[in-house]
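Understanding the architecture of this molecule
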Amino acid sequence: MGEYENLKRGQKGAWVSIIAYLILAAAKLIIASIGQSEALRADGLNNTTDVIASIAVLIGLKISRKPPDKDHHYGHFRAETIASLVAAFIMMTVGIEVIVGAFGDIMNGQQSEPALLTGLTAIVASAVMFGVYRYNLSLANSVKSQALYAAAQDNRSDALVSIGAAVGIFGAQLGVYWLDPLAGLVVGLIICKTAWDIFRESSHTLSDGFDEQEIKDIRKHIASHSSVWTVKDVKARLQGNQVLVDATILVNPELTIQEAHEITDEVEVILEKEMRIYYAHIHIEPYEKE
């Protein structure tokens with residue numbers, strides 16, 4: 001089925017993130033230790049958590065590809081949403097650790113000047129992560145993967161974090177020594193903010209929250225069928241990267257069961273073609289004047 005093939009494609013994005021993060025985390029932590037930069041160290045720790053988060057996304061995508069079984073009749077698509085939630089907790093934990101460490105350096109009046117190499121490393125890392133962000137964002141939109149979209153947003157945050165780290169490092173080289181640990185503090189705050197955004201989105205999906213505007217669009221497409229007299233009710237929820245729709249429509253009460261059944265089939269085709277919704281349950285009721 002198409003959705004399973006999309007999940008397989010989505011795994012490529014997770015692998016790209018894992019490889020990029022492994023290389024950047026190792027480079028940043030080693031160079032930060034040699035060049036004495038708190039900002040680059042925080043950035044490296046951030047990438048270390050991203051490796052774990054990306055692995056969680058990869059596992060979630062793999063589990064999501066499992067077909068329905070006797071106790072998962074709708075499949076395992078929500079595994080990728082759960083993976084996003086796990087990634088958020090991991091990121092928040094490390095973000096807090098970075099904030100505590102950087103705050104301590106600021107309070108202790110750290111006076112070390114980081115090496116120029118640490119700033120150049122941060123700039124190169126930012127460019128790399130922006131490229132990974134663009135790739136994963138395009139892939140996430142193509143395969144409709146919430147977990148991969150969350151990973152792409154994390155990629156973008158990492159690119160911005162590296163820019164912030166570079167600013168702090170270059171500022172410290174000009175004699176404003178507190179800019180380096182301050183940049184580390186800002187990095188920690190960005191990590192926590194990104195983690196919170198992913199947590200909020202994932203928990204909203206797991207609690208069957210759904211975008212109101214998309215509900216309106218679904219209602220509009222259903223109502224576009226000439227035989228649908230009234231759209232009585234529309235409900236929708238996300239099952240991983242799949243939208244599940246339940247709708248009640250009112251039709252001509254004089255239609256035969258066969259004719260009414262054909263209308264439901266045609267409405268489902270409209271949703272599939274116009275909104276890529278492949279799972280819709282359309283309930284028909286006779287139209288009655290009030």
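Keep in mind the model is a prediction, meaning the values are calculated, not measured. (Residues numbered from 1 in each chain as written. Predicted model: local features only at pLDDT ≥ 70, side-chain atom pairs only at ≥ 80, totals over all residues. Heavy atoms only, no water.)

1. Re the overall build of the chain
The secondary structure content of the chain amounts to eight helices and three strands. In terms of overall size, the chain is more extended than a compact globule, its C-alpha atoms giving a radius of gyration of 24 Å where 290 residues would be expected to give roughly 19 Å. Seen through its principal axes, the chain has C-alpha atoms that stretch 85 × 35 × 30 Å. Burial analysis of the chain (290 residues in total) assigns 48% to the buried set. For the chain, contacts bridging at least 24 residues in sequence account for 74% of all contacts bridging at least 6. Accessible surface, the chain: about 14,600 Å² in total, of which carbon and sulfur atoms supply 62%. With 24 positive and 34 negative side-chain charges, the chain shows a separation of 3 Å between the mean positions of the two kinds. (Helix = DSSP H or I, 4+ residues; strand = E, 2+ residues; numbered from the N terminus. Rg over C-alpha atoms; globule rule 2.2 N^0.38 Å. Buried < 20%, exposed > 50% of the residue type's maximum accessible area, 1.4 Å probe, protein only. Contact = heavy atoms within 4.5 Å. Areas by Shrake-Rupley, 256 points an atom, 1.4 Å probe, with all protein chains shown as cover. Lys, Arg positive; Asp, Glu negative; His and termini not counted. Charge placed at Lys NZ, Arg CZ, Asp CG, Glu CD.)

2. Regarding the packing of helix H2 (residues 38-64) against helix H6 (residues 179-206)
Direction vectors running N to C along H2 and H6 enclose 20°, while the axes themselves pass 7 Å from each other. Taken as axis vectors, H2 and H6 run roughly parallel relative to one another. Across the interface between the two elements, Glu38, Ala39, Ala42, Asp43 and Asn46 from H2 touch Asp180, Pro181, Ala183, Gly184, Val187 and Ile191 from H6. For the contact of H2 with H6, the per-class residue count stands at six nonpolar, two polar and three charged. (Axes fitted to C-alpha atoms, helices over the stretch in contact; angles between N-to-C directions. Parallel < 35°, antiparallel > 145°, perpendicular 65-115°, else oblique. Nonpolar A, V, L, I, M, F, W, Y, C, P; charged D, E, K, R; others polar.)

3. As for the pattern of salt bridges
Evaluation of the coordinates by the stated rule reveals five salt bridges. The residue Lys232 makes a salt bridge to Glu285 at a minimum N-O spacing of 3.1 Å. Placement of Lys232 in strand S1 (residues 230-239) and of Glu285 in strand S3 (residues 279-286) is noted, with a sequence separation of 53 residues between them. A residue is classified by how much of its surface remains accessible, and Lys232, at 51% relative accessible area, is exposed. Salt-bridge contacts for Lys235 lead to Asp233; the nearest nitrogen and oxygen are separated by 2.5 Å. By relative accessible area, Asp233 is classed as partly exposed at 27%. Through salt bridges that share partners, Lys193, Asp197 and Arg200 make up one connected network. (Salt bridge = Lys/Arg side-chain N within 4 Å of Asp/Glu carboxyl O.)

4. Section: the layout of surface pockets
Estimates place the volume of the largest pocket at around 990 Å³. Taken together, 35 residues make up the lining of the largest pocket; nearest its centre are Ser145, Gln146, Tyr149, Glu201 and Leu238. Breaking the lining of the largest pocket down by element, the ones donating at least two residues are helix H4 (116-143), helix H5 (146-173), H6 and strand S2 (242-251). Broken down by element, the residue count for the lining of the largest pocket peaks at 10 residues, all from H6. Per-class residue counts for the lining of the largest pocket are 12 nonpolar, 14 polar and nine charged. (1 Å grid on protein atoms, 1.4 Å probe; cavity = no way out; pocket = protein on both sides within 12 Å on 5 of 7 lines; lining within 4 Å. Points joined across faces, edges and corners; volume = space filled by probe spheres on them.)

5. Things to note about the side chain of Thr205
Examined against the element boundaries, Thr205 turns out to sit in helix H6. Residue classification places Thr205 among the buried residues on the basis of a relative accessible area of 1%.

6. Section: empty space enclosed by the protein
The full count for this structure, using the stated rule, is one cavity of 30 Å³ or more. Its boundaries defined by the atoms lining it, the largest cavity holds a volume of some 80 Å³. Contributing elements (two or more residues each) for the lining of the largest cavity: H2, helix H3 (79-107) and H5. Considering every element that reaches the lining of the largest cavity, the biggest residue donor is H5, with five residues.

7. Re a negative patch on the surface
A cluster of like negative charges, contributed by Glu259, Glu262, Asp265 and Glu266, occupies part of the molecular surface. Along the polypeptide, Asp265 turns up in helix H8 (residues 257-275). (Patch = residues over 30% accessible without salt bridge, like charges linked within 9 Å, V, L, I, M, F, W, Y side chains within 5 Å.)

8. Some points on the packing of aromatic side chains
Scanning the model with the defined rule gives four aromatic pairs in all. Ring-pair connections join several aromatic residues into one group, and the members of that group are Phe89, Trp196 and Phe199. (Phe/Tyr/Trp six-rings, centres within 6.5 Å; stacked < 30°, edge-to-face > 60°.)

9. With respect to the environment of Ala27
In this structure, Ala27 sits in helix H1 (residues 2-35). Ala27 sits in the partly exposed class, given a relative accessible area of 30%. Sequence spacing of Ala27 and Ala125 is 98 residues, and the spatial spacing of their C-alpha atoms is 9.4 Å.

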